[in-house]
Amino acid sequence: MPIGHVAHDVAAASATGIAEFDRVLDGGLVPGSVTLLSGEPGIGKSTLLLQIAAAWSGPALYVSAEESAQQVRLRAERLGATNPNTFLVSAMSLGDIVNAVDKVKPSLVIVDSVQTIADETIESAPGSVTQVRECAFRLVQEAKARNAAVILVGHVTKDGNIAGPRLLEHVVDTVISFEGDRLHPLRMVRAIKHRFGTTNELGLFEMTESGLLGVPDASNMLLNDRQQGVAGSVVVPTIDGQRPMLVEVQALTTKVAAGMTPRRSSQGLESARLAMLLAVLERRTATAFSNLEVYVSVVGGLKLSDPGSDLGFCLALVSAALDKPTRAHLAAIGEVGLGGEVRHVNHLERRVREAERMGFSKILVPANAKPIDGRKSELLRVASVAEAINHAS
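Every value quoted in this text rests on a predicted model; they were computed, and no experiment measured them.

This part covers the layout of surface pockets. A volume near 1,100 Å³ is recorded for the largest pocket. Contributing to the lining of the largest pocket are 41 residues, with Ser177, Glu179, Met188, Arg190 and Lys303 lying nearest its centre. Ranked by residues supplied to the lining of the largest pocket, first place goes to strand S6 (residues 174-180) with four residues. The residue inventory of the lining of the largest pocket, partitioned by class, reads 12 nonpolar, 18 polar and 11 charged.

This is the structure in structure tokens:
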């Protein structure tokens, strides 16, 4: 039929009751959809899913293929997630899982995890490419036939990619990445693929003793322990998806011992990006780093891939090398090119508004930045890194 004659009725999303998770899913889980949640071991996937099952408005079936039912119940009691509408089954057999779905008739099914279940009719071990593919296909069919939302937990490899065949990501409707540093409380949830909405939203959680709590104001949390007047510390307004937040980047330099190779260490910034910024600073600003060990860190365990944070890292490195703090209430926005120029970044106005909300009165921006109406801060326009260093000192 002509494409204009195709019915465009879309099933309404059902809220999970976890606001930050619903933000990422554009309102919640769509009935009949299949969502793949991936993340490193111990990051909190099972904790999040138990909280979702407890907050779900209808009957929910939690399938634990890795832990016993007793272990899951103990965690649920610790989290206060013992909803009478949440049903639990410990099973590794796909047939047993389908039978449990027939018995409970849930509107939400959580399978933890897809790599540990197996179809008895297939002669291969759980987690093999054949088992993961066939089990995923069967669960997708069950979700569509029963109009129930299904969440599959997926393991990741040491490189951070989802384990198993690539087909697993293609067959599901939504792929959610659960990220964070286990040594830090902040957790990030983002959609890599979403057939029912945008992939430009970020959900933030804080891991506590009582479970995962939503973080509506990430900037306040990330800057809460920041000390003023410390050399090597700069605040960067960054954008992750559609969400602006302020992040503190820190740098530390020490003299290298004679005959030793200077060390370069970075947490939250790619080592190749750090090497490039150091080369630009040496070449374009005459700041020497060849005899210094360099350590760079992003506070809160975040990983910054936003090019708009380049200028902040450069100022932090120069501040640490000179042992001279930057100006008070200063934030920096801009991408740095190989010529030392400061380039335009996206969502500049949203970054500036977030910095103003947190009390920053002076903001370094690219020279070609568009005017921003109604601003309260002073925009310091800079065309190069060298010019930015002069304004920041």
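Leu311, Leu315, Leu317 and Leu364 are the most contacted members of the largest nonpolar core, which has 46 residues in total. If you tally residues by element for this core, the top one is helix H9 (residues 310-322), at eight residues. In this structure Leu364 touches Leu311, Leu315, Leu330, Ala331, Ala332, Ile333, Leu380, Val382, Ala388, His391 and Ala392, once residues within four positions along its chain are discounted. Leu37, Leu49, Ala53 and Leu212 belong to the second largest nonpolar core, which has 31 residues in total.

Moving on to the pairing of strand S12 (residues 264-267). In this sheet, strand S13 (residues 292-298) lies alongside S12 in parallel orientation, the contact comprising four bridges. The residue of S13 that forms the bridge with Ser265 is Tyr295. Crossover handedness for the path S12 to helix H8 (residues 271-285) to S13: left-handed.

On to a nonpolar patch on the surface. On the surface, Met1, Ile3 and Val6 cluster together into a nonpolar patch covering about 400 Å² of accessible area. Relative to the helices and strands, Val6 is located in the segment before helix H1 (19-24). Look at Val6 and you get partly exposed, because its relative accessible area is 43%.

Attention now moves to the sheet that holds strand S2 (residues 60-64). If you trace the nine strands from one edge of the open sheet to the other, you get S3-S2-S4-S5-S1-S6-S7-S8-S9, paired in mixed fashion. At either end of the open sheet lies a strand with only one pairing partner, and these are strand S3 (86-90) and strand S9 (211-214). On average, each strand axis in the sheet is inclined to that of its neighbour by 25°, with strand direction left out of account. Taken together, the seven bridges between S6 and strand S7 (residues 186-194) define a ladder with antiparallel strand orientation. Note that in S7 the partner of Ser177 across the bridge is Arg190.

Let us look at the side chain of Ser219. When you line up the elements, Ser219 lands in helix H7 (residues 218-222). Those residues within four positions of Ser219 in sequence are excluded, and the remaining contacts are Pro244, Met245, Leu246, Glu354, Arg357 and Met358.

Basis of the calculations
Residues numbered from 1 in each chain as written. Predicted model: local features only at pLDDT ≥ 70, side-chain atom pairs only at ≥ 80, totals over all residues. Heavy atoms only, no water. 1 Å grid on protein atoms, 1.4 Å probe; cavity = no way out; pocket = protein on both sides within 12 Å on 5 of 7 lines; lining within 4 Å. Points joined across faces, edges and corners; volume = space filled by probe spheres on them. Helix = DSSP H or I, 4+ residues; strand = E, 2+ residues; numbered from the N terminus. Nonpolar A, V, L, I, M, F, W, Y, C, P; charged D, E, K, R; others polar. Core = buried A, V, L, I, M, F, W, Y, C linked by side-chain atoms within 4.5 Å. Buried < 20%, exposed > 50% of the residue type's maximum accessible area, 1.4 Å probe, protein only. Contact = heavy atoms within 4.5 Å. Pairing = 2+ DSSP bridges. Right-handed = clockwise from strand over helix to strand, strands pointing away. Patch = residues over 30% accessible without salt bridge, like charges linked within 9 Å, V, L, I, M, F, W, Y side chains within 5 Å. Areas by Shrake-Rupley, 256 points an atom, 1.4 Å probe, with all protein chains shown as cover. Salt bridge = Lys/Arg side-chain N within 4 Å of Asp/Glu carboxyl O. Axes fitted to C-alpha atoms, helices over the stretch in contact; angles between N-to-C directions.

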